[in-house]
Amino acid sequence: MHPVRGVVQPYAWGMIGASSLVAQLASKFASVDSTQPYAEYWMGTHPKGESYLLDDKQTSVKAYLQRDLPFLFKVLSVETALSIQAHPNKEHAKILHKQNPKEYPDDNHKPEMAIALTKFECLCAFRPYEEIKQFIEKYEQLQILCGKKNCEEFSQSVSSQAELSIQESLLKKLYSNLMQSSPTIISQCVDAHLQVVQSETTNDLSCLFARLNKQYPGGDVGLFSIYFFNYITLNAGEAILLKANIPHAYLHGQCIECMACSDNVVRAGLTPKFKDIPTLIDMLDYQPLTIQQTKFPGKKISENITEFDPRQISSIDDFIVQEIRGKTGCINAIDQPSLMIIVQGQGVMNDGKVQFNEASVFLIEKQTAVDFKSDNNILAYRAYSVL
C-alpha cells in the first residue's frame, strides 16, 4: 500500500478555513488559509485533480496503475447550498455531450453516493404527492408560479388517487411552470413568500427558505424546490444513493462522496453557473419517494466493515464504498485497487510497518489485505470498483 496526496477544490460553497474537514486534510501538505473556502478533497485519477503517490518521483496514481479509475472519491465540506441538479444516464449523457460539449464535457453517467460524516442537510427526490398537494394549497406564491389551474388539477388527481402516471404528468407540468416562470414574477413571489415565512419561525422549511434566500438573493427560482423535494438531515453514517435523473441539492454539512468519473451536471437553480432548465424538466424522475426510501443502508460484512454497494438496488457498478470502524481489525483483500482515507484515528497497519493518522490516504493494491491497530477507534472509508 502507498501513501497518497489528494487535491483540494476551493469552490465558493465550501466551509471556510479550519472549520472545513477538507482544510484539515489539506493541512497535512500546506498551511490553511483562514479566509479561503475548502470545499472538496479529491482522490482518484480525474484529469481536473489527479492524486499522486507520496514517493520520491511524485508518481500519479494513474501512471502507477497504468489506468484510470472509474470512480472519483471525495470528502465534501458544504457551507452554502449547491445547485438544484440531476445527472443523466449513459445514453442521455452521450446525447448531451454531442449537442453541447462545453457544458457536458464527457459522455459518461454520474451516479453519486453521499455518506454523512456530520449532520448533513440535502434535498433529494420528489416528496410524496400528498405533501406537495398540501404545500400548493397552502401557499399562494406556489399557485401563482405553478398556475392555479395546474395546482387544482394536481390536487384533484392526488385526492382521487388517479393513476400514478397521471399524477406524475401533472406534477411535471407544475414543476415546469414553476421553473420556467419569468424572472420578474419569481422575484415578486420570493419577496411575498419571505413575508409569509417570517411568521412561521418554528417551521423548518420556512427557516430553510429564508436561509437559502440569503445565500442566493435576488429571486432564485430554486428556492421553491424545497416544497417539491424531500428535505433530509442525514445523521453521521447514513447515506443516500443518487441514481440518474433524481433531483437533489446538498445544503450543509460534511460527507464522504463517491461518484462515477464524470463532469455531467444538469443544473436549474441555486447557482450562478449555467442552467439548463428545459433539459432538467424533461429528464427528471418524478416518482414520489419518502425520506426513508431515499436513504441507502449499508450492509455489515464483517465486525469492522459496513459496505455500501449500489448493486444491491441498482445497476450501478462504478463504485463501492466501505466504512471501517474499530480499534483493531482486518480490511479484506479485493481483486481491484482501492483508495482509503482515514477520517479519525491513528495507529499502525501491516504489523506496524505502516503508520497512519487522521487525513492519511492510501492506495491499496489489488489482492492485498490490511490489518490495523489504532490508539483509538478508527473511522476510515475505502472506495473501489468491480469494473
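Residues numbered from 1 in each chain as written. Predicted model: local features only at pLDDT ≥ 70, side-chain atom pairs only at ≥ 80, totals over all residues. Heavy atoms only, no water.

In this section: helix α9 (residues 204-215). If you check α9, its first and last C-alpha atoms are 17 Å apart, about what twelve residues at 1.5 Å a residue would give, namely 16 Å. The set of residues buried in α9 consists of Leu 205, Ser 206, Leu 208, Phe 209, Leu 212 and Asn 213. Angularly, the buried residues of α9 cover 160° about the axis, an arc narrow enough to put them on a single face. Relative to its buried face, α9 has exposed residues pointing more than 90 degrees away, namely Asp 204 and Lys 214. (Helix = DSSP H or I, 4+ residues; strand = E, 2+ residues; numbered from the N terminus. Expected span 1.5 Å × (residues − 1). Buried < 20%, exposed > 50% of the residue type's maximum accessible area, 1.4 Å probe, protein only. Arc of directions from axis to C-beta.)

Turning our eyes to something else, we now look at the domain arrangement of the protein. Here the protein is described as being made up of domain 1 (7-125 + 233-293), domain 2 (131-211) and domain 3 (299-384). Summarising the inter-unit geometry, the C-alpha centres of domain 1 and domain 2 are found 28 Å apart. At the junction of the two partners, domain 1 supplies 14 residues and domain 2 supplies ten residues. A combined buried area of about 980 Å² lies between domain 1 and domain 2, and 70% of that area is made up of carbon and sulfur atoms. On the domain 1 side of the contact with domain 2, Ile 277, Ile 281 and Tyr 286 bury the most area, a combined 51% of that side's loss. Linking domain 1 with domain 2 are two salt bridges, by the criterion used here. Residue Lys 172 is joined to Asp 282 by a salt bridge in which the shortest nitrogen-to-oxygen separation is 3.4 Å. Linking domain 1 with domain 2 are two residue pairs in polar contact (both at pLDDT 80 or more), by the criterion used here. Among the secondary structure elements, those contributing two or more residues to the side of domain 1 that touches domain 2 are β10 (120-126), β13 (248-260) and α10 (277-283). (Domains from an automatic or database assignment. Contact = heavy atoms within 4.5 Å. Buried area = accessible area lost by both parts, 1.4 Å probe. Salt bridge = Lys/Arg side-chain N within 4 Å of Asp/Glu carboxyl O. Polar contact = N/O pair within 3.5 Å; in protein donor to acceptor, adjacent residues only side chain to side chain.)

What follows deals with the packing of helix α8 (residues 183-197) against α9. When two helices pack together, you describe them by how their axes are tilted relative to each other and by the distance separating the axes. Direction vectors running N to C along α8 and α9 enclose 135°, while the axes themselves pass 9 Å from each other. As the angle between them shows, α8 and α9 are arranged oblique. In terms of crossing hand, the pair formed by α8 and α9 is left-handed. Contacts between α8 and α9 involve Val 190, His 193, Leu 194 and Val 197 on the former and, on the latter, Ser 206, Phe 209, Ala 210 and Asn 213. Class assignment for the residues of the contact of α8 with α9 results in five nonpolar, three polar and no charged. (Axes fitted to C-alpha atoms, helices over the stretch in contact; angles between N-to-C directions. Parallel < 35°, antiparallel > 145°, perpendicular 65-115°, else oblique. Left-handed = near helix turned anticlockwise from the far one by under 90°. Nonpolar A, V, L, I, M, F, W, Y, C, P; charged D, E, K, R; others polar.)

Where strand β17 (residues 320-331) lies against strand β22 (residues 370-384), eleven bridges are found, and the strand directions are antiparallel. Bridging from a neighbouring strand, Ile 320 pairs with Tyr 384 of β22. Note: strand β18 (residues 338-344) against β22, five bridges, orientation antiparallel. Among the inter-strand pairings, Ile 341 is bridged to a residue of β22, identified as Tyr 381. Across three bridges, strand β19 (residues 347-349) lies against β22 in antiparallel orientation. (Pairing = 2+ DSSP bridges.)

Moving on: the UniProt feature "binding site: Zn(2+)" (unreviewed entry) in the protein. Here the UniProt-annotated "binding site: Zn(2+)" (unreviewed entry) positions come out as Gln 85, His 87, Glu 112 and His 248. A maximum C-alpha distance of 12.1 Å is found for the annotated residues, which run over 164 residues; spatially they form one tight group. Locating His 87 in the fold gives a position in the loop between β8 (84-86) and α3 (90-99). Non-local contacts of His 87, meaning those with residues more than four positions away in its chain, are made with Lys 110, Glu 112, Ala 244, Asn 245, His 248, Asn 264, Val 265 and Met 283. Polar side-chain contacts of His 87 include one of 3.3 Å to the side chain of Gln 85. With respect to the element layout, Glu 112 can be found in strand β9 (residues 112-116). Residues contacting Glu 112, with those up to four places away along its chain left out, are His 87, Ile 240, Leu 241, Leu 242, His 248, Tyr 250, Glu 257, Cys 258, Met 259 and Phe 319. Separated by 3.1 Å, the side chains of Glu 112 and His 87 make a polar contact. (UniProt positions renumbered as here; feature names shortened; annotations may be inferred.)

Okay, the nonpolar core next. Buried together is how nonpolar side chains tend to be arranged in soluble globular proteins. Counting residues in each nonpolar core, the largest one holds 53 residues, and the members touching the most others are Tyr 175, Tyr 227 and Phe 228. Both of domain 1 (7-125 + 233-293) and domain 2 (131-211) provide at least three residues apiece to this core. If we ignore the near neighbours within four places in the chain, the residues touching Tyr 175 are Ile 84, Phe 126, Ser 225, Phe 228, Phe 229, Ile 281, Leu 284 and Tyr 286. Residues Met 43, Val 343, Leu 363 and Leu 379 belong to the second largest nonpolar core, which totals 37 residues. (Core = buried A, V, L, I, M, F, W, Y, C linked by side-chain atoms within 4.5 Å.)

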